[in-house]
Amino acid sequence: MKHLLSVDDFADRPAIEAMLDLTERFVAVSRREIRKVPALRGRTVVSLFFEESTRTRLSFETAAKRLSADVMTFSVASSSVKKGESLLDTVRTIEAMGVDAVVVRHSAAGAAARVASWTGASVVNAGDGRHEHPTQALLDAYTLRSHRGPSLDGCRVAIVGDVRNSRVARSDVKMFHALGCEITLVGPPTLLPERLGGWPVTVAHDLDEVCGEVDVLYMLRIQRERIDQACFPSLREYASRWGLTPARMARCKPDTLVMHPGPMNRGIEIAAEVADSARSLVAEQVANGVAVRMAVLWTLLGAGGTVV
Ligand code: NCD
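Residues numbered from 1 in each chain as written. Predicted model: local features only at pLDDT ≥ 70, side-chain atom pairs only at ≥ 80, totals over all residues. Heavy atoms only, no water.

J.: So what about the overall build of the chain? Which residues, and what values?
T.: Summing up its helical and strand segments, the chain has eleven helices and nine strands in all. Taken over C-alpha atoms, the radius of gyration comes to 19 Å for the chain, in line with the 19 Å a tight globule of 308 residues would show. Considering only C-alpha atoms, the chain reaches an extent of 55 × 40 × 35 Å along its principal axes. Looking at the 308 residues of the chain, the share that counts as buried comes to 55%. Total accessible area on the chain is roughly 13100 Å²; 50% of this is exposed by carbon and sulfur atoms. (Helix = DSSP H or I, 4+ residues; strand = E, 2+ residues; numbered from the N terminus. Rg over C-alpha atoms; globule rule 2.2 N^0.38 Å. Buried < 20%, exposed > 50% of the residue type's maximum accessible area, 1.4 Å probe, protein only. Areas by Shrake-Rupley, 256 points an atom, 1.4 Å probe, with all protein chains shown as cover.)

This is the structure:
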């Protein structure tokens, strides 16, 4: 594997499971007193983020540092950089410095693939527009597997909310489906994709009908920055119909798990009490993100060497 641009880059289920198994080894590293291995010593990883990010960027940079790679950080305010030539120029500049991996986040779908076509370095897609976010899908799968695995066959997952604008949902649908889950998308019709031809999902609009039936409620952020028109009457109305409130949670099975990729809009798609409850895997998702990204960077750059 040279790049990780999409969940489709994994040939099949065993390839995904091998990455999750490798993640396990890096989770073990992250639990050691000295959380660092020399696997990528002498390699350079650059994070090229054209969109805001807290956890994804810190997670990739932490992962690269724990593998002993050198890390370069480009801070690119999305307002000051346009697509096209300037992206190409940025990539050429980075390339000239000699880098081994570029971690790209960009507001345009396909941007990471474009960067991959311009550079000899490995490229990891850290989120491209509404398209994909494959390492988020890996960390979600890893986190879910650690609670419901090793096999996720038949695990019922509801992905709730702003699916239309969500690259996380696109990658998670592919990932969860590949691992044998049954997926239901839940939300107002205006926030679900217009066409679902080929998506391996069922669709529901009423969260109350679904929440008692599922093993996992995967809540999505209302991406106000991507919503260009009114898709629901008000945030208050959204919260009351599609938000995960304590009352709704009480109607779920006692072992239903709650996930969210962050950043959370507390009080909108998820109530603070639910986000902080024992059934919420949100903090674990973040923690596992580092090990997943160590596994990905090691696979792209270090394969052949020793892991730890
Ligand atoms: C997501 C993203 O940026 O795609 N966040 C993340 O990477 N954890 C989801 C979001 O912004 O809602």
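From this point, things continue past the structure.
J.: Which residues make up helix 5 (residues 134-148), and what values do they have?
T.: For helix 5, built from 15 residues, the straight-helix expectation of 21 Å at 1.5 Å per residue is met to within 8% by its first-to-last C-alpha distance of 21 Å. Of all the 15 residues making up helix 5, twelve are buried; the element is thus mostly covered by neighbouring parts of the structure. (Expected span 1.5 Å × (residues − 1).)

J.: How would you summarise helix 6 (residues 167-178) if you had to cite specific residues and measurements?
T.: Taking 1.5 Å per residue, twelve residues should reach 16 Å; helix 6 reaches 17 Å between its end C-alpha atoms and fits that length. In terms of residue burial, helix 6 counts as a mostly covered element, since nine of its twelve residues are buried. Residues of helix 6 that are buried include every one of Arg 167, Val 168, Ala 169, Arg 170, Ser 171, Asp 172, Val 173, Met 175 and Phe 176, and no others. Capping the start of helix 6, Ser 166 holds a side-chain oxygen 3.3 Å from the backbone nitrogen of Val 168, two or three residues further along. (Polar contact = N/O pair within 3.5 Å; in protein donor to acceptor, adjacent residues only side chain to side chain.)

J.: Run through unusual backbone geometry, naming residues and quoting values.
T.: With an omega of 10°, the peptide bond between Gly 149 and Pro 150 qualifies as cis. Among the structural elements, Pro 150 can be located in the loop between helix 5 and strand 5 (156-160). Residue Pro 263 is reached from Gly 262 by a cis peptide bond, and omega for that bond is -5°. Tracing the chain through its elements places Pro 263 in the loop between strand 9 (257-259) and helix 10 (272-275). The residue Ser 68 is not glycine, and still its phi comes out positive at about 70°. Mapped onto the elements of the fold, Ser 68 is located in the loop between helix 2 (55-66) and strand 2 (70-75).

J.: Give a detailed account of the sheet that holds strand 3 (residues 101-106), specifying residues and quantitative values.
T.: Pairing in this open sheet of four strands is parallel, and the strands run 2-1-3-4 from one edge to the other. Pairing within the sheet leaves two strands with one partner each, and these edge strands are strand 2 and strand 4 (122-128). Sheet twist, expressed as the average angle between the axes of neighbouring strands with direction ignored, equals 15°. In the packing of helix 4 (residues 111-118) onto the sheet, the strands contacted are strand 3 and strand 4, and the crossing angle to strand 4 comes to about 165°. In this fold helix 11 (residues 282-302) packs onto strand 1 (44-49), strand 3 and strand 4, with an angle of close to 150° to the strand it touches most, strand 4. (Pairing = 2+ DSSP bridges. Axes fitted to C-alpha atoms, helices over the stretch in contact; angles between N-to-C directions. Contact = heavy atoms within 4.5 Å.)

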